[in-house]
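If you want the building blocks of each chain, they are given just below.
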Amino acid sequence: MISSLFLLLLMQSANPYGSPIDPVLRPADVRPPAPANNPPAPTPAPVAIPKSPQEIRFNQCVDQATDDPSSGVIAANRWQIEGGGYLARHCLGYAYAELLDWSKAVPEFVKAAEGAGAANDDRAANFWAQAGNAALAKGDYPAARAHLSAALQQNRLEGLPRGEVHLDLARVAVAMEQYDEAKAQFTYVHQLAPQDPLSWLLSATLARRMGDLGLAKADITKAAKLAGGDPAVALEAGNIAYAAGDTAGAKKFWQQAVQFDAASAPAEAASTYLARLAGDDED
């Protein structure tokens, strides 16, 4: 849920020609390709456990916040007044997050996480993770680190969800210019979520910024295997090639970024770099 809720905008950084890719913020829509193998044989469906009225309303509230965030805010506030407790708080935070109103989303997620923890609800870990992600989007990095750490301390997250928390901690560390800490966090991410192309893309970018071009090339190669048609991956591959002095390679990758999705922000950046390369050649 963390990835789908909070895919963030691109951010300027000091890369070859001012590339917008930075480990602090997530490039948009990096997705692994759909598996080509046949689906597994169906297994017997588990016995359904009837949901409580509270859980049914929670699902309805979140659905409404997804479809129409503004009406979701109204519905969540009404439910809170009626005694919806921490689930109503979470729905309200979700609606504010859908509106990109991070200042209002963060405290609601925190209250939801605290309430879930007091109720011994295992979702407290997810709620803390969402609070941290929202605080990261807001730019409140100390709060983001505290909330993300609280998510890990619940000892309820495993695999990809836990890896996503470490990914956000890596982004926090980059934002606070603690690059060694960010690199350490990426080690956890790659162990927990090795099939996440975004993590390899961002760790490649960080390695390039730290001057470790060997690691940058290795990581961007892994990202390309998982999401080779993504313009953000091609853009960063070009950035790494340019940093290594391979102008021809940089041109090839930047051209690929444009070919993959000419209207995307990475492709627009690649187009700018290609134009500047052409200008350099003319000079």
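Residues numbered from 1 in each chain as written. Predicted model: local features only at pLDDT ≥ 70, side-chain atom pairs only at ≥ 80, totals over all residues. Heavy atoms only, no water.

A. How the structure looks around the overall build of the chain. Helix and strand content of the chain: 14 helices and zero strands. Taken from the N to the C terminus, the helices and strands of the chain come in the order α-α-α-α-α-α-α-α-α-α-α-α-α-α. Residue burial in the chain is summarised as follows: out of 283 residues, 46% are buried. Counting contacts in the chain only where the partners sit at least 6 residues apart, residues at least 24 apart contribute 56% of the total. Here the chain has roughly 13800 Å² of accessible surface; of this, 54% comes from carbon and sulfur atoms. (Helix = DSSP H or I, 4+ residues; strand = E, 2+ residues; numbered from the N terminus. Buried < 20%, exposed > 50% of the residue type's maximum accessible area, 1.4 Å probe, protein only. Contact = heavy atoms within 4.5 Å. Areas by Shrake-Rupley, 256 points an atom, 1.4 Å probe, with all protein chains shown as cover.)

B. The arrangement of helix α7 (residues 141–153) in detail. Taking 1.5 Å per residue as the helical rise, α7 with its 13 residues ought to reach 18 Å, and the 18 Å between its terminal C-alpha atoms agrees with that figure. For α7, the full list of buried residues reads Ala-143, Ala-144, His-147, Leu-148, Ala-150, Ala-151 and Leu-152. Capping the start of α7 is the job of one residue whose side-chain oxygen sits 3.4 Å from the backbone nitrogen of Ala-143: Asp-140. Just downstream of α7 lies Asn-155, where phi reads positive at about 55 degrees. (Expected span 1.5 Å × (residues − 1). Polar contact = N/O pair within 3.5 Å; in protein donor to acceptor, adjacent residues only side chain to side chain.)

C. Here's a closer look at the pattern of salt bridges. Under the definition given, this model contains eight salt bridges. Two residues, Lys-104 and Asp-101, come together in a salt bridge whose shortest N-O distance is 4.0 Å. The class for Lys-104 is partly exposed, based on a relative accessible area of 44%. Of the charged contacts in the structure, one is a salt bridge between Asp-168 and Arg-171, with a shortest N-O distance of 2.4 Å. (Salt bridge = Lys/Arg side-chain N within 4 Å of Asp/Glu carboxyl O.)

D. Broad picture of the state of the cysteines. Enumeration over the complete set of coordinates arrives at one disulfide. Each sulfur of the disulfide joining Cys-61 and Cys-91 lies 2.0 Å from the other. Between Cys-61 and Cys-91 the sulfur-sulfur dihedral comes to about -95 degrees; the bridge is accordingly left-handed. One end of the pair, Cys-61, is in helix α2 (residues 53–67); the other, Cys-91, is in helix α4 (residues 85–98), and 30 residues separate them in sequence. When sorted by exposure, Cys-61 lands in the same class as Cys-91, which is buried. (Disulfide = S-S within 2.5 Å.)

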